[in-house]
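Here is what each chain is made of, one letter per residue.
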Amino acid sequence: MPEFRQNMVSKEWVIIAPERAKRPDQFVQEKEGPKSLPSHQKDCPFCPGNESRTPPPVFSIERNGNWSLRVVPNKFAALQNHLTTERKHEGRFLKADGFGVAEVIVESRFHNRAIATMDLEEVRNTVLTYRERYVALSKVEQLDLITIFRNYGEKAGTSLEHPHSQIIATPIVPPHVRNPLYQSQLACDTFGNCIYCGMMEEEVDQEVRIVKKTEHFLVLCPFASRSPFEIRIYPKRHQSSFATISDPELNDFALVLQDTLKRLAIGLNDPDYNYIIRSTPIKDGEVRYHHWYLVIVPKLTTPAGFEIGTGIYINIAPPEQCAEFLRGIQIQ
Ligand SMILES: [Zn+2]
Ligand SMILES: [Zn+2]
């Protein structure tokens, strides 16, 4: 039986419409995994030896005299950091210069690695760098929203194979980000605590959508998942800004992120995905009503006319089945 479900925070609706004959393993991808790529590709701008093809790094981690991670300004950035932030009116229309900061994190020297196949140290360096850059960009007065994300694979919007993630910081907080913040603020005014903390308690009680619990994190497929195998990783301790993640939490975050992406890669044969860290805007800082998290959206289906027209997503894979499938994956 199909059912409507509502996202507790954003109030958006989804339709969970399981197709009876189909089980989560229908989403196993037919493709060659990243292991079929070479460890070094001569014409890759992120491979060692081609450093001059990117702007100089703004941050790097070295090991034995070589870089093992580099953060470089995005050469093909949609936004530039030398413009003004002033809003301008053109008749009734509003615009502003495309001010912002766009950086690429090159996470490994090896062309053919991914978070799921890296050394744990590389994953740790990656999430440590997320915090470093998040904190550094938080100090830029004009910026207000820092988005850290990964596009993995062509369906997720990248043609670059070399392991990398991106940071885009903007002076604008869009309605897509602000509306859930309003909703969580209203909920906090009403109930006196963080709606995400409450949701996590409920998920732990109900158990069916939990993928994994670690000392500091909870991994789950959300109740109102918009697409098959949507996964969220929440810090257990209440914290609204990613800037406040502690060192022990950061270590656990590396472990849990790799574990989750291994489950996806093993279970569904390396699907393409986007992941995004959603944190409060910089100027909101550490607040009671919001809770940062990382969301993983595997690219297994394509939003079509109904989704685009209504914002109501039809999801053919119940999150309870997806969580059960992911819990059952054996990690080597
Ligand atoms: Zn490369
Ligand atoms: Zn919370």
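First, a word on scope: everything that follows refers to the structure included in this document. Everything quoted here is computed from the prediction, not taken from an experiment.

**Looking at the overall build of the chain**
Link 1 in the chain: Looking only at helices and strands, the chain has six helices and 15 strands in total.
Link 2 in the chain: By the burial criterion, 49% of the 332 residues in the chain qualify as buried.
Link 3 in the chain: By sequence separation, contacts in the chain at least 24 residues apart represent 68% of the contacts at least 6 residues apart.
Link 4 in the chain: As displayed, the chain has an accessible area near 16,500 Å², and 52% of this comes from carbon and sulfur atoms.

**Remarks on the environment of Leu120**
Link 1 in the chain: Tracing the chain through its elements places Leu120 in helix H1 (residues 120-138).
Link 2 in the chain: With 61 residues separating them in the primary sequence, Leu120 and Phe59 have C-alpha atoms 20 Å apart.
Link 3 in the chain: Residues within four places of Leu120 in sequence aside, it is in contact with Ala254, Leu255 and Gln258.

**Observations regarding the sheet that holds strand E1 (residues 3-6)**
Link 1 in the chain: The three strands lie next to each other as E1-E2-E15, forming an open sheet whose pairing is mixed. For this open sheet the edge positions go to E1 and strand E15 (313-315), each flanked by a neighbour on one side alone. The mean angle between the axes of side-by-side strands here comes to 30°, regardless of whether they run parallel or antiparallel.
Link 2 in the chain: Examined bridge by bridge, E1 and strand E2 (residues 13-16) share four bridges and lie antiparallel to one another. If you follow Arg5 over to E2, its bridge partner there is Val14.

**Describing the coordination of the zinc ion (ligand 1)**
Link 1 in the chain: Those protein atoms acting as donors to the zinc ion (ligand 1) are Cys44 (SG), Cys47 (SG), His111 (ND1) and His162 (ND1), and they sit at 2.0 to 2.3 Å.
Link 2 in the chain: Note that the zinc ion (ligand 1) binds four donor atoms; their angles at the metal cover 104 to 116°, and the shape is tetrahedral.
Link 3 in the chain: For the zinc ion (ligand 1), all donor residues lie on one chain, and their spacing in sequence is C-x2-C-x63-H-x50-H. Residue Cys47 is located in the loop between E2 and strand E3 (59-63), and its partner His162 is located in the loop between strand E8 (145-152) and strand E9 (164-170); the two are separated by 115 residues in the primary sequence. An identical accessibility class is assigned to Cys47 and His162; each is buried.

**A closer look at the sheet that holds strand E11 (residues 217-220)**
Link 1 in the chain: If you trace the ten strands from one edge of the open sheet to the other, you get E3-E4-E7-E9-E8-E13-E14-E12-E11-E10, paired in antiparallel fashion. Unpaired on one side and paired on the other, E3 and strand E10 (210-213) mark the two borders of the sheet. Averaged over all pairs of adjacent strands, the angle between strand axes in this sheet comes to 15°, irrespective of strand direction.
Link 2 in the chain: Strand direction decides the pairing type here: E8 and strand E13 (residues 273-278), joined by five bridges, are antiparallel. By the bridge assignment for E13, Asn151 is matched with Asn274.

**So, the pairing of E11**
Link 1 in the chain: Alternating residues of E11 divide into Phe217 and Val219 and Leu218 and Leu220, and every residue in both groups is buried.
Link 2 in the chain: If you look at the hairpin formed by E10 and E11, you'll find three residues sitting between the two strands.
Link 3 in the chain: Two strands pair when backbone bridges link them, and E11 and strand E12 (residues 231-235) are joined in this way by four bridges, in the antiparallel orientation. Paired with Phe217 across the two strands is Pro235, which belongs to E12.

**As for helix H4 (residues 247-268)**
Link 1 in the chain: With 22 residues, H4 should cover 32 Å at 1.5 Å per step; its first-to-last C-alpha distance of 32 Å lies within 8% of that length.
Link 2 in the chain: When you tally the buried positions in H4, you get 16 out of 22 residues, the bulk of the element.
Link 3 in the chain: Looking one or two residues past H4, Asn269 carries a phi angle of roughly 55°, positive in sign.

**Structural notes on the coordination of the zinc ion (ligand 2)**
Link 1 in the chain: The coordination sphere of the zinc ion (ligand 2) contains the protein donors Cys194 (SG), Cys197 (SG), His238 (ND1) and His291 (ND1), at a distance range of 2.1 to 2.3 Å.
Link 2 in the chain: Taken together, the four donor atoms coordinating the zinc ion (ligand 2) and their angles of 105 to 117° define a geometry best described as tetrahedral.

**Quick look at the pairing of strand E5 (residues 87-90)**
The two faces of the sheet receive side chains in turn, since in a regular strand these alternate between them.
Link 1 in the chain: Two elements, E5 and strand E6 (residues 93-96), share four bridges in a ladder whose sense is antiparallel. Directly across from Lys88, in E6, lies its bridge partner Lys95.

**Description of the nonpolar core**
Link 1 in the chain: Ile233, Phe242, Phe253, Leu261, Tyr275 and Ile296 are the most contacted members of the largest nonpolar core, which totals 53 residues.
Link 2 in the chain: The element best represented in this core is H4, accounting for nine residues.
Link 3 in the chain: Those residues in contact with Phe253, other than ones at most four positions away along the chain, are Val127, Phe217, Ile233, Phe242, Ile245, Ile277, Trp292 and Leu294.
Link 4 in the chain: In this structure, Val9, Ile195, Met200 and Ile210 belong to the second largest nonpolar core, which totals 13 residues.

**Structural notes on the side chain of Arg70**
Link 1 in the chain: Along the chain, the position of Arg70 falls in strand E4 (residues 66-73).
Link 2 in the chain: No salt bridge is formed by the buried Arg70; its nearest oppositely charged neighbour, Glu51, is found at 5.4 Å.
Link 3 in the chain: Looking at Arg70, its side chain comes within polar contact range of the side chain of Thr54, at 3.2 Å.
Link 4 in the chain: Look past the residues within four positions of Arg70 in its chain and what remains in contact with it is Glu51, Thr54, Pro55, Pro57, Phe59, Ser60, Val104, Ile105 and Val106.

**Concerning the packing of aromatic side chains**
Link 1 in the chain: In the structure shown here, the tally under the stated rule is 14 aromatic pairs.
Link 2 in the chain: Joined through ring pairs, the aromatic side chains of Tyr134, Phe217, Phe242, Phe253 and Trp292 make up one cluster.
Link 3 in the chain: The lysine or arginine in question, Arg70, covers the ring of Trp67, its NZ or CZ lying 5.6 Å from the ring centre.
Link 4 in the chain: Here the basic side chain of Arg226 rests over the ring of Tyr313, its NZ or CZ set 3.9 Å away from the ring centre.

About the thresholds
Residues numbered from 1 in each chain as written. Chains lettered and ligands numbered in written order. Predicted model: local features only at pLDDT ≥ 70, side-chain atom pairs only at ≥ 80, totals over all residues. Heavy atoms only, no water. Helix = DSSP H or I, 4+ residues; strand = E, 2+ residues; numbered from the N terminus. Buried < 20%, exposed > 50% of the residue type's maximum accessible area, 1.4 Å probe, protein only. Contact = heavy atoms within 4.5 Å. Areas by Shrake-Rupley, 256 points an atom, 1.4 Å probe, with all protein chains shown as cover. Pairing = 2+ DSSP bridges. Axes fitted to C-alpha atoms, helices over the stretch in contact; angles between N-to-C directions. Donors = N, O, S within 2.8 Å, 3.2 Å for Na, K, Ca; no water. Tetrahedral: all angles 85-135°; square planar, octahedral: opposite > 155°, others 65-115°. Expected span 1.5 Å × (residues − 1). Core = buried A, V, L, I, M, F, W, Y, C linked by side-chain atoms within 4.5 Å. Lys, Arg positive; Asp, Glu negative; His and termini not counted. Salt bridge = Lys/Arg side-chain N within 4 Å of Asp/Glu carboxyl O. Polar contact = N/O pair within 3.5 Å; in protein donor to acceptor, adjacent residues only side chain to side chain. Phe/Tyr/Trp six-rings, centres within 6.5 Å; stacked < 30°, edge-to-face > 60°. Lys NZ or Arg CZ within 6 Å of the ring centre and 35° of its normal.

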